[in-house]
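Observations on the three-dimensional arrangement
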Amino acid sequence: MCGLSVGLAWMLWLLLAGCAWSEPPPTPDPGEPFRPGLRAQDRSTALAWETFPRYDLDIRLADDRRLLTGTGQIRVPNPGPDPWTSLVFRLYPNLDHYGGLLQVQSVAVDGHPVNFLYQAADTAIRIELPQVLLPGEQTTVQIGWSLAIPEWADDTPAAYRLFGISQGMTSLPLFYPSLAVYASAEADPARPGWWMDVGTVRGDAAFNRASLFVVTATLPSLQVPVASGRELARTPVDGYRTRYVWATGPTREFLLHLGKDFRSQSVEAYGTQVTSYWLPGQESAGRAALQYAAGALRALSDRFGPYPYSELRVAVAPLSFRGMEYPQVLLLGTQLYDTALDELELRTAHEVAHQWWYLLVHNDPVNHPWIDEGLAEYASGIYLEVVHGRSEAEMLRRRRWEAVVERLVAEGADAPLDLPVDEYASGAQYEAVVYGKGALFYHAIRRALGEETFFAFLREYAETYRYAIVEPSDLLEMMRRYDPGAADALWREWIGGRDGPIR
Ligand SMILES: [Zn+2]
C-alpha cells in the first residue's frame, strides 16, 4: 500500500517513481497451467510443483497418422542425493512389441547442443551434461524427434496392439523421449543408477517419475483424441487440422489415443468428469463402461482415498479382451465390448484401480510387477463387494485366484511372487502368480489386520507415497506400522525376496 499522510511533493515523487517497487509483481505460479487437471477441491492443495519434471511438448501428426514430429522442452530437477553427470531418456516406442521408430534429431541442454548415445537396444539415449547437475538444481533439455508409427496388418478384434494403428484406431502412449527413473544406491541397492530395463509384451514396460505435461498437438481434424489431462484449448488450424492443448496434474506419462468414429458420453463422479468412448455398434457396452468406471471411481475413492484428477476417460482400443492403464485413461480391448462383454465390468474396475496403484503410487513394473498388479486385481474384488455384495467377491476370490493358484501348485508350476516379469516360465504362470497369488497376498493382509485397519493402512500407503515410487520394502514398512508381528510373518510366508517361498 502507498503512504497517505505525506506532502504533495512526496506524493508526486511516489507517483513518478511508481508504487510498484513497494509491491513487487507476484511471482509466477508454477502450478498455474496444471491445476485444471486436478479436481476443483484439489486445486488449492499445496504441491511442490518445481520438484516434478515438466514437459512442454509440441507435436504434429501427419494426415495418414504414420509420422509424428515433435519438439520438447523438459525441465529436469535433480531430487538428490547423487550429483548427475548425465541424463537418460527412454524411447519406449522402440520396444519390439511397440514396433515404432523414434529417432532423436537434436538435443540441447540449457540451449547448448550436446551429443547423445543410443543405449538399451535403442530404447534409451544418454546425454552427457555440460556440467554436473547437483541435488536441488534443475536443468532444461530441448529435444527434437521424429516417430514412425506402425500400421498393423492383423486388423482383427483378436489383435493386441499397444502402439500404432490397428482396427481403425491409433494408440500413442509415450510418443516422446521420457526421462528415465534414477535410483540412488540407498533407494534401490539392487539396481542403482538410471533405469534401463527393456520390458516385453508380457508385462508393463514403462517406469516414470511423476511429471507435469503441457502438450500442444496438431492433429488431423477427423480424428477424435482421447488424452491424459484436461483439454485447455482447441483451435482449427486450417480446413483439415486442429490444434489442441492439454495439461496434466502430476502424472506418470501422457497418452494420446485416436479414433475417427468415436462416440462419447460423460458423467460426473466425486468431482471428476468421467467420459466413455466407443465405436459405432458398441453403444450399450460403451454406456455400460461409463457406469462401471464411474461406479469404480466412487467405490475405490471411498476405500483408498480421493482420486485427485478432474478427468477419467475410458475408451475402446485394439487390445483384444485385455485392458491397459494410462494416466487418467483406461483403454479396454474391442472384445470386451462384444464377445467378452461379461468381462467388461471387472476389467474396468481393475484398470480404474490402477489409477491409485500405478498412477499415484508407482513401482518398477518389470522387476516387481506384483506390487501394483496384485493390488489392482484385489481391488476389482473390493469393487464387486461394494457394488454387488460380499458373496460375489468371495466367488471371484475362489474362482479367479484360489483355484488358479491351487492348479499351479498341483502342476508343480508355482513360483515366488517377487520375480521380474521374464523370470516366470510362461505367460500363464506369470498371470497366475502376479495377479492371482498377488491378490491373495493382499487378502491375507486384510485378514491379519482386520477390516478397518486394512483400509486405514491402504489409505495411508496411498497418501504417503502419492506421486512417488515404492520398493517392496516400503510396503513392508507400511504394514509394520499397523502390526509389526503380522507384517513380518506375512512377508516371510508370501514374499521373502526373489528366492522367496512358493506356496
Ligand atoms: Zn493391471
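Each value, and the rule that gives it
Residues numbered from 1 in each chain as written. Predicted model: local features only at pLDDT ≥ 70, side-chain atom pairs only at ≥ 80, totals over all residues. Heavy atoms only, no water. Donors = N, O, S within 2.8 Å, 3.2 Å for Na, K, Ca; no water. Buried < 20%, exposed > 50% of the residue type's maximum accessible area, 1.4 Å probe, protein only. Helix = DSSP H or I, 4+ residues; strand = E, 2+ residues; numbered from the N terminus. Contact = heavy atoms within 4.5 Å. Polar contact = N/O pair within 3.5 Å; in protein donor to acceptor, adjacent residues only side chain to side chain. Salt bridge = Lys/Arg side-chain N within 4 Å of Asp/Glu carboxyl O. Pairing = 2+ DSSP bridges.

On to the coordination of the zinc ion. Coordination sphere of the zinc ion, protein contribution only: His350 (NE2), His354 (NE2) and Glu373 (OE), at 2.1 Å. Motif for the zinc ion, donor spacing along one chain: H-x3-H-x18-E. Look at His350 and you get buried, because its relative accessible area is 5%. His354 sits in the buried class, given a relative accessible area of 0%.

Along the polypeptide, His350 turns up in helix α3 (residues 344–353). Once residues lying within four places of it in the same chain are set aside, the contact partners of His350 are Glu373, Ala376, Glu377, Ser380 and Tyr435.

Here the focus is the environment of Arg39. Its location among the elements puts Arg39 in the loop between α1 (8–17) and β1 (54–61). Sequence separation between Arg39 and Ala159 is 120 residues; the distance between their C-alpha atoms is 36 Å. Contact partners of Arg39, with chain neighbours within four places excluded, come to Tyr270, Gly271, Thr272, Pro306, Tyr307, Pro308, Tyr309 and Ser310. Here Tyr307 takes part through its backbone oxygen, which lies 3.1 Å from a polar atom of the side chain of Arg39.

A few words now on the pattern of salt bridges. Scanning all chains against the criterion turns up 26 salt bridges. For Arg230, the salt bridge identified is with Glu311, shortest N-O distance 2.5 Å. A residue pair is termed long-range when its members are at least 10 positions apart, and Arg230 in strand β16 (residues 230–236) and Glu311 in strand β21 (residues 311–317) qualify at 81 residues. Looking at Arg230, the relative accessible area reads 25%, which means it is partly exposed. On the basis of relative accessible area, Glu311 is assigned to the buried category, the value being 4%.

Below, the discussion takes up the sheet that holds strand β7 (residues 124–133). One open sheet holds the 4 strands; their spatial order is β6-β7-β3-β11, and the pairing between them is antiparallel. At either margin of the open sheet sits one strand with a lone partner, and together these are β6 (116–119) and β11 (178–179). Pairing of strand β3 (residues 84–90) with β7, which is carried by 6 bridges, proceeds in the antiparallel orientation. Counted as the bridge partner of Phe89 is Ile125 from β7.

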